[in-house]
Amino acid sequence: MVPASNNINLHVEDRAKRAMLSGNATPIMTKPICYSTKAFSTTSPESPLSAAVIERRVPTATDVQIQIIYCGVCHSDLHFARNEWNFTQYPAVPGHEIVGRVTAIGSGVKKFKVGDTVGVGCLVDSCRTCADCTSGLEQFCLNMVMTYGSTDKHLGSPTIGGYAQSIVVTEEFVLRMPSNLNLAAAAPLLCAGITTYSPLRRAKVGPGHTVGIVGLGGLGHMGVKFAKAFGAHVVLFTTSPKKAADAKRLGADEVVVSTDEAQMTAQAGSFDLILDAVSATHDLNAYLNLLKRDGNLVLVGAPEKPLPLAAFPLIFRRRSISGSLIGGLPETQEMLDFCGKHNITSDVEIIRMDEINTAYERMLKGDVKYRFVIDMASLN
Ligand code: NAP
Ligand code: ZN
Ligand code: ZN
């Protein structure tokens, strides 16, 4: 992609100016100047994704424009494209594991310069003043703006994700990528990475802890890598016995096939924490029984349907069940820096943009080792 100045198809819709000319004194918000860029979008839950042209705002004083080089494919993208969470507005452009190069900056941008290698995850803005924002927990801000699936503060239309040639993001929500990491393999850190890093860090997982990770997919394989890097004894639970060798290579000390009742029973009462990264309906209660007294089952997976919960495994051993959502901006940068220092990236399979529909079907079958990443040059 050429630098922003050569690539922008400018057009102005200055409604305020038109209102003034027509004598209508009511102030109307001015829509920013936009430019067109190629993307892949879907128009209904049943439609495949296909080529589209979208609009991004021309960078304002505090914005960074990024040429997207790679974008990871999260299972959330699939839930969202198919409206499994019931809030998708169409046309919809998924993608929130974005890495790329800065092509333009606004006059007030301080942290980045043209040419920098940067990342954008699941958040592109928030209110920045509430207790969550000022604590660096922007993901819980009631007015947070997700990379896709929210309302764009500038344009008033749905936000557009990273299956696109470029994106424009306010500098506070842009992250610095460690220079030593392979960029394609680092893209999934922006969602799968932080979503597993954050709950393990919050629980202060370390030597002496026994940690279970449920599901060896995009999130799960990062959970295994982080739990191992933090020094825990790591047990991977999978429905796919053929993934056992990979799980060990990725850092699991033990692998349990969760459909084998005897293997599950053998683990009863032994876990401090279990991180559940499963994308579909499954039996949570089987995992509660594996926790120690006061043990915690943390859900990061977000299946479309509610999961039944039995009271007895919780109350008899004072166990708890909780959830966790990605991570805030400071923790995401901390995670990226940790990955740079310890050379941690995802195991990825690079695909072309037009392979996305096949990739979704393969992801549903658990046939990905262990994250698809789109080479965005294939969109040119
Ligand atoms: P993924 O790559 O498709 O991995 C999901 C894994 O779950 C599969 O590899 C499979 O592992 C297991 N699984 C799938 N169907 C199953 C079933 N019916 N029963 C039991 N296990 C099953 O998905 P992902 O990208 O890692 O995302 C996982 C979930 O986390 C999704 O729901 C996603 O939306 C959610 N998510 C949440 C957050 C957050 O902030 N909380 C962030 C990102 C994603 P095995 O083959 O090993 O069994
Ligand atoms: Zn995600
Ligand atoms: Zn806020």
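Look above for the structure.
Now for a description of the structure that goes with this document.

The rules we used
Residues numbered from 1 in each chain as written. Chains lettered and ligands numbered in written order. Predicted model: local features only at pLDDT ≥ 70, side-chain atom pairs only at ≥ 80, totals over all residues. Heavy atoms only, no water. Patch = residues over 30% accessible without salt bridge, like charges linked within 9 Å, V, L, I, M, F, W, Y side chains within 5 Å. Areas by Shrake-Rupley, 256 points an atom, 1.4 Å probe, with all protein chains shown as cover. Salt bridge = Lys/Arg side-chain N within 4 Å of Asp/Glu carboxyl O. Helix = DSSP H or I, 4+ residues; strand = E, 2+ residues; numbered from the N terminus. Buried < 20%, exposed > 50% of the residue type's maximum accessible area, 1.4 Å probe, protein only. Contact = heavy atoms within 4.5 Å. Axes fitted to C-alpha atoms, helices over the stretch in contact; angles between N-to-C directions. Parallel < 35°, antiparallel > 145°, perpendicular 65-115°, else oblique. Nonpolar A, V, L, I, M, F, W, Y, C, P; charged D, E, K, R; others polar. Donors = N, O, S within 2.8 Å, 3.2 Å for Na, K, Ca; no water. Tetrahedral: all angles 85-135°; square planar, octahedral: opposite > 155°, others 65-115°. Pairing = 2+ DSSP bridges.

## Focus: a nonpolar patch on the surface
Okay, so step 1: Taken together, L137, F140 and L325 make up a surface patch of nonpolar side chains, about 240 Å² in accessible area.
Okay, so step 2: Within the element layout of this structure, L137 appears in the loop between helix 4 (131-134) and strand 7 (145-146).
Okay, so step 3: For L137, a relative accessible area of 35% gives the class partly exposed.

## With respect to the side chain of T210
Okay, so step 1: Examined against the element boundaries, T210 turns out to sit in strand 10 (residues 210-214).
Okay, so step 2: The exposure class assigned to T210 is buried, which follows from its relative accessible area of 16%.
Okay, so step 3: Ignoring anything within four residues of it in the chain, the contact list for T210 reads H233, V235, S270, F271, D272 and L273.

## Some words on the packing of helix 6 (residues 192-202) against helix 12 (residues 329-342)
Okay, so step 1: One can describe the packing of helix 6 onto helix 12 by two numbers: an axis separation of 10 Å at closest approach and a directional angle of 100 degrees. The angle between helix 6 and helix 12 falls in the class roughly perpendicular. The residues of helix 12 that touch helix 6, namely those facing G193, I194, Y197, S198 and R201, are E331, T332, E334, M335 and F338.
Okay, so step 2: Its residues placed into classes, the contact of helix 6 with helix 12 shows four nonpolar, three polar and three charged.

## Quick look at the coordination of the zinc ion (ligand 3)
Okay, so step 1: Taken together, the protein donors to the zinc ion (ligand 3) comprise C127 (SG), C130 (SG), C133 (SG) and C141 (SG), at separations of 2.3 to 2.4 Å.
Okay, so step 2: Coordination at the zinc ion (ligand 3) is tetrahedral: its four donor atoms span angles of 102 to 118 degrees at the metal.
Okay, so step 3: Each donor residue of the zinc ion (ligand 3) belongs to the same chain, with the gaps between them written as C-x2-C-x2-C-x7-C.
Okay, so step 4: We classify C130 as partly exposed; its relative accessible area is 23%.

## Brief notes about the sheet that holds strand 11 (residues 233-238)
Okay, so step 1: The parallel open sheet is built from six strands, whose spatial order is 12-11-10-13-14-15. With partners counted over all chains shown, the strands left at the sheet margins are strand 12 (254-257) and strand 15 (320-323), one partner each. Here the strands of the sheet are splayed against their neighbours by 20 degrees on average, with no regard to which way each runs.
Okay, so step 2: Bridge analysis of strand 10 against strand 13 (residues 271-276) gives four bridges, and the strand direction is parallel. Along strand 13, the bridge assignment pairs V214 with D276.

## Details of unusual backbone geometry
Glycine aside, a negative phi is what most residues show, and trans is what most peptide bonds show.
Okay, so step 1: Between Y90 and P91 the backbone carries a cis peptide bond, its omega angle lying at -5 degrees.
Okay, so step 2: The amide bond that connects K369 to the next residue, Y370, takes the cis arrangement and shows omega of -15 degrees.
Okay, so step 3: By the element assignment, Y370 lies in the loop between helix 13 (356-364) and strand 17 (371-375).
Okay, so step 4: Unusually for a residue other than glycine, N86 sits at a positive phi of about 65 degrees.
Okay, so step 5: When you line up the elements, N86 lands in the loop between helix 3 (75-81) and strand 4 (98-105).
Okay, so step 6: Judged by relative accessible area, N86 falls into the exposed class, the value being 66%.

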